[in-house]
Each structure stands twice: as structure tokens, then as C-alpha cells.
Amino acid sequence: MRTNLDRRHFLGLAGLGAGAAALAACGGPSTAGTADAVETAAIDFSGVKPAASIDFWTNHPGKSQDVEKAIIEKFHAKFPDIKVNLVTAGANYEEIAQKFQTSQAAKTGLPALVVLSDVWWFRYFSNGSIIPIDGLVKQLDIKIDDFQKSLVDDYKYDDKQWALPYGRSTPLFYYNKDHFKAAGLPDRAPATWQEFAEWAPKLKATSGAQYAYIYPALAGYAGWTLQNNLWGWGGSWSKDWDITCDSTESVAALQWAQDSIYKDGWAGVSSKEAADDFAAGITSSTISSTGSLLGVLKAAKFNVGVGFLPGGPEVPSGVCPTGGAGLGIPSGITKEEQLAAATFLKFMTEPENTAAFSAATGYMPTRLSADMSAVLAATPQIKTAMDQLAVTKVQDNARVFLPGADQEMAKAAAKILTQQGDVQSTMTELKKTLEGIYTKDVKPKLKA
């Protein structure tokens, strides 16, 4: 299943970064569309006056509604001629995607700026739903070079910029410092999953918690966080466009995960939100988004520790995916609305506002020049996420480019981790499904 696609066109996609209140869901809209995204590339905004009023669609990732309101108020003070209406367009990324798809089809009620996650932006590009923003970046002098390179490059394709990073995250390893201390364990995240497997029985015996570790809710997190396990064992969902979820290494990783639940008995699976389960003391550790950090620190009645994601037996480090959402501008609105949206987009992503957003949510600052000293003084745990950014890895194509693949991965993970299904046969079936999605929905849109 190889193509001539130059992998440089895909400059590192981000993973899902949901936050405690905003689980990114999985399905998403169809990629079918009548517009050709590339045809929208050359848009001339010379002589255009910004619209007087625009809608900003968001799901308030990381419980960010209050800080979004505050930034909009600051914007109105600086740009009184542009009114930004904050619209709650869904409780998660999927709901925004469905609402956006419906508005596109109806050609009415579209936002001027929309939150889009890693598993949706490429679909929006491929069906012509968003515009490249390069001309607007130049006209408004948006300092692209001051953005974290790996994060801004996530939204590049065909040498064009299709969005800017917004609520960006990595998964973090969260652990209960009190439980670890009572078990006689080091005050740190485990270096590898093998090390944690040695720690887990001690935690289970001494903590009083139901689990030593709980896997994140599969519906929103399986495709994202299980990349950590797959990569650590030398596996993956895919290698470029080859689907590899049924490889020996991938199967071994998921068999280990299943065994941690049914054979070894120290792990469980969250039914809704692992960060909430962790904060409630149900489990001694979990993996969750950095966007959950502020909520966990506020809710937990114990000392919270965070660390890098553990490595595996084959790859001990560099096994953490980036994640989160960006902001894009729709194609089906007027140039006046697009220019107003870009003006607000520039303001929303200024260093000062980036720092404020990070302070309120736990998401990573997207600007290099953002002054994070006050944020880190108040919440030093955020530095762990910032440091981990240096050892993150580009996500697998299968998760971020195949429409609906995240949902299929979640279904397969549920079979394995909640129904004790056979790992090899489940992954073989998943491979068949993912290859079908690639052949039908993605391959025809790729450049030779």
C-alpha cells in the first residue's frame, strides 16, 4: 500500500488534545466534497475591509471558556470595529466537526474561525472547507517563525499553511505521589512500562486504590495514547501509508496491555475520563492530556506528580505523540469575514494570550517568545509537558489522515481491553478496515 507521496508534505500532525472537559471524539464528517482545496490557494485580500462581526466556534478545550472570553474582551478593546461572537459549537471536537459539516452543506451559518483537531483538519483541507492562510499571514505580519516549529508545521500541506496551533498538548504520565511513597517507589514516572509492571503490584497492595494504572477512555483516547505503547514495542498503527497494526510488534504491545488487565490484574480502563478517575483516587496513575492538568491539580486531594510517557522494551524514549487543536478559517464565507477572522486569529495567538491560555488550561504555549515565568511559578508541572515536547514523535498517518480511523482504533481497543478479544485477529480485522478507508477516501486525493 505504498504511494509516491512525498512524506515531506506531511510535516508532523498533532494528536488529540482534549482536556478534562473536552474529550475529542472519534468519528467525524465525511471527506466527500465538491470543492478542490488547492483551487482556493490564491486569495487576494487587497482592498478588503474586515467584517464588523464574526462567529468563533469552539468547544472550549481544557475548560477554556473563561479565558477565551477574557481574550475576546481584550480584542474588542483593541479592535472596536470587529465584534467576535463566542459560540459553543459542541462539547468536543466531533460535535464541532458535525456542525461545521452541516453548515458547509447548507452553505449558511458558517463561522469565521473554527477549532479543528488533528484528526479533522486534513479532511477540511481535502474537501475544500478551509483556506490556506499564507496570504493573510503575510498581510497581517503574523510572526510564524515565533511559533513552536513542530506545532505550526502540523498544519502544513503542499507548502501552504492551513491553520495555526491553539490548544496544543502531549499526553502526560500522572501519578499519585502519596501512593508511590507508601509503596516505597521513587518519586518519578517509570522510565519504561516494564519498570512500571514491577511497581504495579506494590501500588495495588498498599494504595487502597482500585487500580495501579487506568487506561484512558477508549472512545476519545485509544488511537492517540496507545501509540505510546505501540511505538515502545517497535510497532505502530502504520508506517507511512502501510498499515502495520497487525505486525508482530504491534500485537505484542497490545497483548501486554490486555495482560495488565486480565492476567496481572493491576490495570483497568476508564469508562469516561481517566483524569477524573485519577483525581478521585480510583487509580494510582494514568495517562491524560496536558489539558487536564489544571483540572486535576484543582480536584485532587493528594500530591500530584507528572512525568514523561514510559518507553517500551524496544524503544525506551521518544515515544510521545503531540496533540491538540488548531484554528482554521472556512472557505465558504466572505473575504471580509476571512480577514476579520485572521485579525482575531493573530491576536488570539499573540505571545501574551498564549501564556494566558496556557496558565488557564495547562496546554502548551505555542509561541517561543511567550513569557511563561509567572505560569511556571504557579504551576511548575507545566514545564514537564514543555520539556517533553523535545522528544515527541509525529503521529502515525493511519490515525490522523484516515477519516474515521480513530473510531475504528477505539473499537478494536475496546475488543481487546474490555472484552478480552483475541489481539491478532482483532488487529488483522482493523488492518482490513483501515486499508479500505485509505483506498476509498484518501488515496484518490493524494498527489502522485
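Rules used throughout
- For every chain, the first residue of its written sequence is number 1, and the numbers climb from 1 along that sequence.
- It should be noted that, the model being predicted, local features are given only for residues of pLDDT at least 70 and side-chain atom pairs only at 80 or more, the latter also being counted only at that level, while totals for whole chains, interfaces and linings use all residues.
- Side-chain numbers here rest on the full set of heavy atoms in the structure, without hydrogens or water.
- The helix and strand labels rest on DSSP assignments: H or I over at least four residues marks a helix, E over at least two residues marks a strand, and numbering proceeds from the N terminus.
- Only C-alpha atoms enter the radius of gyration; for comparison, a globular chain is expected to reach 2.2 Å times N to the power 0.38, where N is the number of residues.
- Relative accessibility decides the category of a residue: with a 1.4 Å probe and only protein chains considered, values under 20% of the type maximum give buried, values over 50% give exposed, and everything between is partly exposed.
- None of His or the chain ends enter the tally, which takes Lys and Arg as positive and Asp and Glu as negative.
- The location of each charge is read from NZ of Lys, CZ of Arg, CG of Asp or CD of Glu.
- We call two residues in contact whenever any of their non-hydrogen atoms come within 4.5 Å of each other.
- Here, a strand pair is defined by DSSP locating no fewer than two bridges between the strands.
- With strands facing away from the observer, any crossover in which the path from the first strand over the helix to the second runs clockwise is taken as right-handed.
- By salt bridge we mean one thing: a side-chain nitrogen of Lys or Arg within 4 Å of a carboxyl oxygen of Asp or Glu.
- To define a nonpolar core, start from buried Ala, Val, Leu, Ile, Met, Phe, Trp, Tyr and Cys residues and group those joined through side-chain atoms within 4.5 Å.
- Orientation is described by lines fitted to C-alpha atoms, with helices fitted over the stretch in contact, and by angles between N-to-C directions that extend from 0 to 180 degrees.
- Throughout this description, any angle smaller than 35 degrees is read as roughly parallel, any larger than 145 degrees as roughly antiparallel, any in the 65 to 115 degree range as roughly perpendicular, and the remainder as oblique.
- Each crossing gets its handedness from the near helix: less than a right angle anticlockwise from the far helix is left-handed, clockwise is right-handed.
- Each Phe, Tyr or Trp ring, with Trp reduced to its six-membered ring, pairs with another whose centre is within 6.5 Å; inter-plane angles below 30 degrees give stacked pairs, above 60 give edge-to-face pairs, and intermediate values give tilted ones.
- Contacts described as polar in this section are N or O atom pairs within 3.5 Å, which, within protein, must combine one atom able to donate a hydrogen with one able to accept it, while residues neighboring in sequence count only if both atoms come from side chains.
- Cavities and pockets were defined on a 1 Å grid built over protein atoms only: a cavity is a set of grid points that admits a 1.4 Å probe from which the probe cannot escape, a pocket is an open set flanked by protein on both sides within 12 Å along at least five of seven lines, and lining residues are those with an atom within 4 Å of any such point.
- Grid points are joined across faces, edges and corners, and a volume is the space filled by probe spheres set on the points.
- Each residue is assigned to one class: nonpolar for Ala, Val, Leu, Ile, Met, Phe, Trp, Tyr, Cys and Pro, charged for Asp, Glu, Lys and Arg, and polar for all the others, Gly among them.
- What a helix is expected to span follows from its residue count: subtract one and scale by 1.5 Å.

You'll find the protein chain entered in an unreviewed UniProt entry as Sn-glycerol 3-phosphate transport system substrate-binding protein, with Arthrobacter bambusae given as the organism.

Participant: I'd like to hear about the overall build of the protein chain, residue by residue, with values.
Facilitator: Along the protein chain, the regular secondary structure elements total 18 helices and 16 strands. In terms of C-alpha radius of gyration, the protein chain reaches 21 Å, essentially the compact-globule figure of 22 Å for 448 residues. With respect to the three principal axes, the spread of C-alpha positions in the protein chain is 70 × 50 × 35 Å. Considering the protein chain as a whole, with its 448 residues, one finds that 60% of them fall into the buried category. Charged side chains of the protein chain number 42 positive and 47 negative; the gap between the two group centres comes to 1 Å.

Participant: Tell me about helix H13 (residues 351-361), residues and numbers included.
Facilitator: Turning to H13, its buried residues are Pro351, Asn353, Thr354, Ala355, Phe357, Ser358 and Thr361. Contacts from the buried residues of H13 go to helix H1 (65-78), strand E6 (164-169), helix H11 (293-299), helix H12 (335-348), helix H14 (373-378) and helix H15 (382-388). The positive-phi residue at the C-terminal boundary of H13 is glycine 362, with phi of around 100°.

Participant: Talk me through the pairing of strand E2 (residues 83-88); I want residue IDs and the actual numbers.
Facilitator: In this sheet, E2 lies alongside strand E1 (residues 53-58) in parallel orientation, the contact comprising six bridges. Counted as the bridge partner of aspartate 55 is asparagine 85 from E2. Note that the unit made of E1, H1 and E2 has a crossover that is right-handed.

Participant: Can you explain the pattern of salt bridges? Please cite residues and give values.
Facilitator: Under the criterion given, the structure shown has 15 salt bridges. Of the charged contacts in the structure, one is a salt bridge between arginine 399 and aspartate 118, with a shortest N-O distance of 2.7 Å. Pair noted here: arginine 399 is in helix H16 (residues 397-401) and aspartate 118 is in the loop between strand E3 (113-117) and helix H3 (121-126), with a separation of 281 residues, a long-range link. Each of Asp118, Arg399 and Asp406 takes part in one network of salt bridges that share partners.

Participant: Can you explain the nonpolar core? Please cite residues and give values.
Facilitator: Grouped together as the largest cluster of nonpolar side chains are 113 residues, with contacts concentrated most on Phe56, Phe196, Ile329, Leu402, Met427 and Leu434. Not counting residues up to four positions away in its chain, the partners in contact with phenylalanine 56 are Glu68, Ile72, Val84, Asn85, Leu86, Val87, Leu113, Val115, Tyr166, Leu327, Phe344 and Met348. With 20 residues, the next largest nonpolar core counts Leu293, Val304, Val306 and Met364 among its residues.

Participant: Run through the sheet that holds E1, naming residues and quoting values.
Facilitator: Reading across the sheet, the five strands line up as E2-E1-E3-E15-E6 and stay open at both edges, with mixed pairing between neighbours. For this open sheet the edge positions go to E2 and E6, each flanked by a neighbour on one side alone. In this sheet, adjacent strand axes meet at a mean angle of 25° when their direction is disregarded. Helix H2 (residues 93-106) contacts E1, E3 and strand E15 (323-328) of the sheet and is inclined by roughly 130° relative to E3.

Participant: Account for the packing of H1 against H13, with residues named and values stated.
Facilitator: In the contact formed by H1 and H13, the axes pass within 10 Å of each other and the chain directions differ by 160°. Relative to H13, the element H1 is oriented roughly antiparallel. Pair H1 / H13 crosses with right-handed handedness. Of the residues in H13, those touching H1 at Val67, Ile71 and Lys74 are Glu352, Asn353, Ala356, Phe357 and Ala360.

Participant: Any chance you could break down the packing of aromatic side chains for me, citing the residues and the numbers?
Facilitator: A full pass over the atoms with the stated rule returns 36 aromatic pairs. Geometrically, the ring pair formed by phenylalanine 56 and tyrosine 166 is edge-to-face, given 6.4 Å between the ring centres and 75° between the ring planes. Of the two residues, phenylalanine 56 sits in strand E1 while tyrosine 166 sits in strand E6, which places them 110 residues apart along the sequence. For phenylalanine 56, a relative accessible area of 1% translates into the label buried.

Participant: Can you lay out the environment of lysine 83 for me, pointing to particular residues and giving the numbers?
Facilitator: In this fold, lysine 83 is placed in strand E2. For the pair formed by lysine 83 and aspartate 55, sequence separation is 28 residues and the distance between their alpha carbons is 8.5 Å. At a separation of 2.5 Å, a polar atom in the side chain of lysine 83 contacts the side chain of asparagine 85.

Participant: I'd love a proper account of empty space enclosed by the protein, names of residues and values included.
Facilitator: In total, this model carries two cavities of 30 Å³ or more according to the counting rule given. There is about 70 Å³ of room inside the largest cavity. Taken together, Ile71, Pro165, Tyr166, Met348, Thr349, Asn353, Thr354, Phe357, Met364 and Thr366 form the lining of the largest cavity. Put simply, the parts of the chain that give the lining of the largest cavity at least two residues each are E6 and H13. Top element by residues in the lining of the largest cavity is H13. It accounts for three residues. Its residues placed into classes, the lining of the largest cavity shows six nonpolar, four polar and no charged. Empty space within the second largest cavity amounts to approximately 30 Å³. Every residue lining the second largest cavity is listed: Leu226, Trp237, Leu254, Ala413, Ile416, Leu417 and Met427. If you tally residues by element for the lining of the second largest cavity, the top one is helix H17 (residues 405-417), at three residues. Residue composition of the lining of the second largest cavity, grouped by class: seven nonpolar, no polar and no charged.

Participant: Let's hear about H17: which residues, and what values?
Facilitator: Between its first and last C-alpha atoms H17 spans 18 Å; for 13 residues at 1.5 Å apiece the expected length is 18 Å, and the two agree. If you check which residues of H17 are buried, you get Ala405, Asp406, Met409, Ala410, Ala412, Ala413, Ala414, Ile416 and Leu417. For H17, the secondary structure elements touched by its buried residues are helix H8 (218-232), helix H9 (248-262), strand E11 (267-269), H16 and helix H18 (423-442).

Participant: I'd love a proper account of the environment of glycine 305, names of residues and values included.
Facilitator: Structurally, glycine 305 is set in strand E13 (residues 304-307). Through-space distance from the C-alpha of glycine 305 to that of serine 271 is 23 Å; in sequence the pair is 34 residues apart. Ignoring sequence-local partners within four residues, the contact set of glycine 305 consists of Phe173, Tyr174, Tyr175 and Lys177.

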